[in-house]
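# Residue-level structure breakdown
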4 protein chains.
Amino acid sequence: MNLDFASDNAGPVHPKVLEAMIRANDGPARAYGEDGWTLRACEALREVLEAPEAAVHLVTTGTAANALCLALLARPWDAVFCTDVAHVHEDECNAPEMFTGGAKLLPLPAPEAKLDPAALERALGALGSVHGPQKGPVTIAQATERGNVYRPQEVEAIARIARAAGVRLHMDGTRLANALVQLGCAPAATTWRAGVTALSFGGTKNGLMGAEAVVLFDPALSREAELRRKRAGHLVSKHRFLAAQMLAYLEGGLWLELAAQANAAAARLLKGLGLLGWPPLWPVESNLAFVAMPRRVHRRLFAAGASYHLWGPETGDPDEPVLCRLVCDWSKTDAEVDRFLEVAAGAC
Amino acid sequence: MNLDFASDNAGPVHPKVLEAMIRANDGPARAYGEDGWTLRACEALREVLEAPEAAVHLVTTGTAANALCLALLARPWDAVFCTDVAHVHEDECNAPEMFTGGAKLLPLPAPEAKLDPAALERALGALGSVHGPQKGPVTIAQATERGNVYRPQEVEAIARIARAAGVRLHMDGTRLANALVQLGCAPAATTWRAGVTALSFGGTKNGLMGAEAVVLFDPALSREAELRRKRAGHLVSKHRFLAAQMLAYLEGGLWLELAAQANAAAARLLKGLGLLGWPPLWPVESNLAFVAMPRRVHRRLFAAGASYHLWGPETGDPDEPVLCRLVCDWSKTDAEVDRFLEVAAGAC
Amino acid sequence: MNLDFASDNAGPVHPKVLEAMIRANDGPARAYGEDGWTLRACEALREVLEAPEAAVHLVTTGTAANALCLALLARPWDAVFCTDVAHVHEDECNAPEMFTGGAKLLPLPAPEAKLDPAALERALGALGSVHGPQKGPVTIAQATERGNVYRPQEVEAIARIARAAGVRLHMDGTRLANALVQLGCAPAATTWRAGVTALSFGGTKNGLMGAEAVVLFDPALSREAELRRKRAGHLVSKHRFLAAQMLAYLEGGLWLELAAQANAAAARLLKGLGLLGWPPLWPVESNLAFVAMPRRVHRRLFAAGASYHLWGPETGDPDEPVLCRLVCDWSKTDAEVDRFLEVAAGAC
Amino acid sequence: MNLDFASDNAGPVHPKVLEAMIRANDGPARAYGEDGWTLRACEALREVLEAPEAAVHLVTTGTAANALCLALLARPWDAVFCTDVAHVHEDECNAPEMFTGGAKLLPLPAPEAKLDPAALERALGALGSVHGPQKGPVTIAQATERGNVYRPQEVEAIARIARAAGVRLHMDGTRLANALVQLGCAPAATTWRAGVTALSFGGTKNGLMGAEAVVLFDPALSREAELRRKRAGHLVSKHRFLAAQMLAYLEGGLWLELAAQANAAAARLLKGLGLLGWPPLWPVESNLAFVAMPRRVHRRLFAAGASYHLWGPETGDPDEPVLCRLVCDWSKTDAEVDRFLEVAAGAC
């Protein structure tokens, strides 16, 4: 039985998505996004976001979506404000720096992975002289890299500070669906209504094969986005297959349904681990579970074929607690979660 | 009936390729290319190219493959030598400039779309001073943007000049399969054995959904290629689906079979147009057909729903010959070609 | 006696300029251009150019001035239109590509070193699709790299085409003074009144130690220019010494006086060479002289210690004419020119 | 009397330096550093540094020197490790990001402005995966931005960690002379013998008009340095005037003499302020003095025409201590320092 909790990128494509791709493979279609699927997918996303004017551009990876959004909001001499655990800062191999032409990511300490409005305000206030980097955009992840979620008013507070400084707000929504399931609010409430200008709308981690959307609530950015996408090699020729994924994803709310499954699996996992004596390090709010288990439990789990991310060496004191991250995607079954718990229990 | 001859990007995915993708959607798999499909696909490509040491990295677009290859061979202060009709120069929105960090593409006049070795030698010889751009890589397209093909000894002649100048050779093989069908030679003969260091191995225009390979015959470039790919947002997470495409493409020689179909369709088209009085402008050697037909023929074809690229305005003297480009992919049927000819004949 | 005709960069600083620098070395002064000399220098330049709103920023090199101007006018995905002998294309080691973040210089054939309006119009007209580079700025050199000069109406014709295409015009005025002496027109007539948006106003080749000005006739570009200058390491701290040079240069028309001396020396040289049987290849219009002399004459001159640029090898048929470029700066004396002619005559 | 303690960039050029520049203005000389002054200046610097193989390249600004050094040591996908108060991070408007092509500066907390070896080791250890930035160079300032100084063994400790991680060490020596005066050690002891690969050797803040040296103790980097310097517009044409400055600076130890004067002035200032009741915040080790004085003292000083940097608003509680930075260059006289103290005393 599969015990892979390493990444929501490891999961399969949802059958409805694959079927939509198969249906789209019907004779020739105009290339580069000038096809009907793309028109409909962009329209569907605008509807879901209640943003009839938004510009939508599809790409294949989250890193591309984030780097394009930041490049649209930052000039090369700007600072980009993020948390010190931000994916754009730690896990994209300097893609934002490449796409922006050399902007500087300024990581602000964020013990709980959320940007602190007061720290942001201070950091923005320190800039302005021609000698230093200039005030540039702010970027936050919803859900965060630690699995927690910004309330709409938290996003608004950050957006207010950004606006006051004359800069704009980007949201890395690679796990936006997971956050929305937790928040129970409309997509608009945590994005454009809260002050977000550019959104990376994720799909790949939540049942798609490889499709993300750059959503620009300021449509004046749209033409530059198209040019930046092409220049970065991210304008896909057989574009209908990206669009078909996105259409199936949004249709009937599949995207939220899948995120709910993922979140439920993470909750089940954390509940079980808590009963075994390892409570969650913080309340889980999406599909990421962080827990500290004794090293011997990890060893037993790895021996049984489990995989996930560990902070610290596999060898050492068997009783020492070691932090780990367990990720569930939509495809995790109760049986898989329970088998993981069973193996862990066996190591107690 | 479909009369779309605009682009080989408009065609569908071949059923065998789609089936392989469907088969790959089987439970979780390690992300980012650390899966078995990827291992096998890279190995299969090395076998086809008879290059057991080559490094292979998959990406989703031809522009990404070309720009990555050039970035591996050129430093930011280099000139990159190409023809003045090169796709990398004319049709990639400055992607090579972005990926190389600002190298200069130096277009050499090439009336027949092939790089002239003597012109290349002169251009390389003119550089060297610290004040100008430095000698950098050479890039050629096989088949070219005009549909003709370099003989192995033509590639060798260019590679010899590059080597003598201390620079390396890139081949844009977006239509490599079409060229190989025409040449009847081994893939190695027109690539690494002829002196190519980096190859963009095309697939998307020839029946794949979106998969190209960066092939580095100098494996020392491999780690940098990985980092550049990630930094450009081109490391796909659910990588098995790229790999599954490539595996199906190479298995049993499907890639050459599809290219042969495309070339045959172009030949049938050109033969028919020749019989109508519009001979090919040059002998067709791949799946691109260039012909000059009177404007009234184009109008009739467009009225009938045909689509393809025209050089010049649709309005004007109805008898004036206007150049056009007709592209056939693997999916073009005899019936479709014949219908196109029938409409054209009706305008005579 | 000095026979160096290699470059106008080889000449000394004019005594009046040096004296102004010495006078400026008087106690402390605010750094980074916030001093009185800088204020006065910028004002003086605006007066000379009859452009009271223009923004002026000083730098130390012509390459910096050109690259900054182009970066202000071009986006990274743009084409920059220039002649195929443009200094920005051939002699700046890809500085424009670096400063623009990867724009593409598109060299247009220019047998006489002047941009052909018709060729420019065609080249601009060919762009527009998202796949290719976008329409970007036009750049011309006044005087050109071949020493000839655009008439105001020639600049206007180019500016008109640029404007119609929605792009702007840069003038590389590294030898603007030499051109103005020849034209006898007001500086405004060949710059902003003719449609130039950004001007590299040269000084170093004409008697300064190292000072050039970026002049922006659209002052809205000024803040970005400041930031780009700092980011490129070109904001000089002891800025008063740049400003003092520029002040002395403009005061009492010294700049035009020096250019007149340089042009006169070149004319005397060419006249003398013509009498020896080697007429100018084209009418000289500034301080650059191009002439083809038999190889044995060059050998004799080099043996006598002369230095200048030769197109072609020093060895070969002694009677074969070989093209050379002779450059005069303000400091060339009649005696030096005549000695050069004497040596050349001795080889006849 | 002058009370400007804002910056060592505000000071004049030392007379011996200016005289050397005047002497260099003697007829024509080969441009772009191919003159005798440049040869001698580079040789003199190698001697002073006891580094006969080192490559030396002159530029006009410290930002250019730093950004070039970092670009030679970092690849675009690297992290560059620095303190969170580093000049390269805070005061160069993203020049390092521009020159490196998008490397990421990773600021490490440094309460005393010195890089903590343990923090560096941890930060380097956290990198390695293809997803994040890669291990890149380390940069430290000698003296630091807070005026203190690394002991040779402190530099060695940092270099050892860098070397173990396979990365190299850059030293921003904009105030190297001031540090050496304090340390009393040979220049080599705190640079290449301690493990520094690339050094920005400062001059402008210490009596030059505008000349800094990029010193590469690994001469294999020299050609790339030349090309990067040209491409950045930093290859000065009338190069002899940079070289003449550097020659005069090194001759007879003028550079250390001037730094000793600057350090002595800062010490006199701090001693006097201490007697007035405001002790230095940390022991002064170069020409920068940091002290917290009550707001009313600052007001009195500003009213008397003094200038210097203040952290915090000028208005507020008159008794609240507010931190300031006072900078002395070589030209500060005892009389000027004493006058400053007198005004400050008057506010007690």
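It should be emphasised that the depicted structure is a prediction, and the values quoted were computed from it without experimental measurement.

With that settled, consider the sheet that holds strand E8 (residues 288-294) of chain B. Paired through their backbone hydrogen bonds, the strands of a sheet run either parallel or antiparallel. Residue and element names in this part refer to chain B. Spatial strand order, E8-E10-E9: three strands in an open sheet with antiparallel pairing. What marks the edges here is a single partner per strand, and that holds for E8 and strand E9 (309-311). Between one strand axis and the next, the sheet turns by 25° as a mean value, whatever way the strands run. Here three bridges tie E9 to strand E10 (residues 321-327), and the two strands are oriented antiparallel to one another.

Attention shifts here to the packing of aromatic side chains. Per the counting criterion, the structure on display carries 32 aromatic pairs over all chains. When the centroid spacing of 6.2 Å and the interplanar angle of 55° are considered together, the rings of Tyr249 of chain D and Trp255 of chain D count as tilted. Accessibility expressed as a relative area gives 2% for Trp255 of chain D, which makes it buried. Linked through ring pairs, Phe5, Phe302, Tyr308 and Phe340 of chain A together constitute an aromatic cluster. Sitting above the plane of the Tyr150 of chain A ring, Lys114 of chain A keeps its charged end 5.7 Å from the centroid. In this structure, Lys332 of chain B packs its charged tip against the face of Phe5 of chain B, placed 4.7 Å from the ring centre.

Here we take up the confidence of the model for chain A. Of all residues in chain A, 100% attain a pLDDT of 70 or more, and the chain-wide mean is 96. The complex prediction reports pTM at 0.97, with the ipTM value standing at 0.97.

It is worth spelling out the nonpolar core at this point. Phe81, Phe201 and Met246 of chain A together with Phe81 and Phe201 of chain B are the most contacted members of the largest nonpolar core, which has 126 residues in total. If we ignore the near neighbours within four places in the chain, the residues touching Phe81 of chain B are Leu106, Leu108, Leu120, Ala123, Leu124, Leu127, Gly136, Pro137, Val138 and Thr139 of chain B. The next biggest cluster of nonpolar side chains, apart from the first, holds 125 residues, and it includes Ala24, Ala54, Ala259 and Trp330 of chain D.

The next point concerns the relation of the copies chain B and chain C. With an RMSD of 0.1 Å, the fit of chain B onto chain C corresponds to turning through 180° and sliding 0.1 Å along the axis. One copy is carried onto the other by what is essentially a two-fold rotation axis. If distances are taken from each C-alpha of chain B to the rotation axis, the shortest is found for Gly102 of chain B, at 2.3 Å.

All names here are of chain A. It is the contact of helix H8 (residues 176-183) with helix H12 (residues 254-275), at a shortest axis distance of 8 Å, that shows an interaxial angle of 80°. With respect to their mutual orientation, H8 and H12 come out roughly perpendicular. Together, Ala177, Asn178, Leu180, Val181 and Gln182 of H8 and Trp255, Leu256, Ala259, Ala260, Ala262 and Asn263 of H12 make up the contact between the two elements. Classifying every residue of the contact of H8 with H12 gives eight nonpolar, three polar and no charged.

All names here are of chain D. Along strand E1 (residues 55-59), five of the five residues are buried, which leaves the element largely enclosed by surrounding structure. Judged by which residues are buried, E1 turns out to be covered on both faces: Ala55, His57 and Val59 on one side and Val56 and Leu58 on the other are all buried. Bridge count for E1 against strand E7 (residues 212-216) is five bridges, and the pairing is antiparallel. For His57, the partnering residue across the bridge sits in E7 and is Val214.

Listed by partner, the interface residues are 44 residues for chain C and 44 residues for chain D. Counting the surface lost from both chain C and chain D, the interface buries some 3,700 Å², and carbon and sulfur atoms represent 61% of this. When the buried surface of chain C facing chain D is broken down by residue, Met98, Arg231 and Lys238 of chain C rank first, second and third, together holding 20% of it. On inspection of chain C and its partner chain D, the count reaches zero salt bridges. At the boundary of chain C with chain D, the tally comes to 27 residue pairs in polar contact (both at pLDDT 80 or more).

Let us look at the relation of the copies chain C and chain D. Overlaying chain C with chain D gives an RMSD of 0.0 Å, the required rotation being 180° about an axis along which the chain moves by 0.0 Å. Of all interface residues in chain C, 100% are interface residues in chain D too; the two copies therefore contact each other through one and the same surface.

Below, the discussion takes up the sheet that holds strand E8 (residues 288-294) of chain D. All names here are of chain D. Across the sheet, three strands lie side by side as E8-E10-E9; this open sheet has antiparallel pairing. This sheet does not close on itself; its edge strands, each paired only once, are E8 and strand E9 (309-311). Sheet twist, expressed as the mean angle between neighbouring strand axes with direction ignored, is 25°. Note: E8 against strand E10 (residues 321-327), seven bridges, orientation antiparallel. Bridge pairing in E10 links Ala292 to Leu323. Here helix H12 (residues 254-275) sits on the sheet and contacts E8 and E10; the angle it forms with E8, its principal contact strand, is near 20°.

Definitions and limits used
- Residues numbered from 1 in each chain as written.
- Chains lettered and ligands numbered in written order.
- Predicted model: local features only at pLDDT ≥ 70, side-chain atom pairs only at ≥ 80, totals over all residues.
- Heavy atoms only, no water.
- Pairing = 2+ DSSP bridges.
- Helix = DSSP H or I, 4+ residues; strand = E, 2+ residues; numbered from the N terminus.
- Axes fitted to C-alpha atoms, helices over the stretch in contact; angles between N-to-C directions.
- Phe/Tyr/Trp six-rings, centres within 6.5 Å; stacked < 30°, edge-to-face > 60°.
- Buried < 20%, exposed > 50% of the residue type's maximum accessible area, 1.4 Å probe, protein only.
- Lys NZ or Arg CZ within 6 Å of the ring centre and 35° of its normal.
- pLDDT = per-residue confidence, 0-100.
- Core = buried A, V, L, I, M, F, W, Y, C linked by side-chain atoms within 4.5 Å.
- Contact = heavy atoms within 4.5 Å.
- Least-squares fit on C-alpha atoms with pLDDT ≥ 70 in both.
- Parallel < 35°, antiparallel > 145°, perpendicular 65-115°, else oblique.
- Nonpolar A, V, L, I, M, F, W, Y, C, P; charged D, E, K, R; others polar.
- Buried area = accessible area lost by both parts, 1.4 Å probe.
- Salt bridge = Lys/Arg side-chain N within 4 Å of Asp/Glu carboxyl O.
- Polar contact = N/O pair within 3.5 Å; in protein donor to acceptor, adjacent residues only side chain to side chain.

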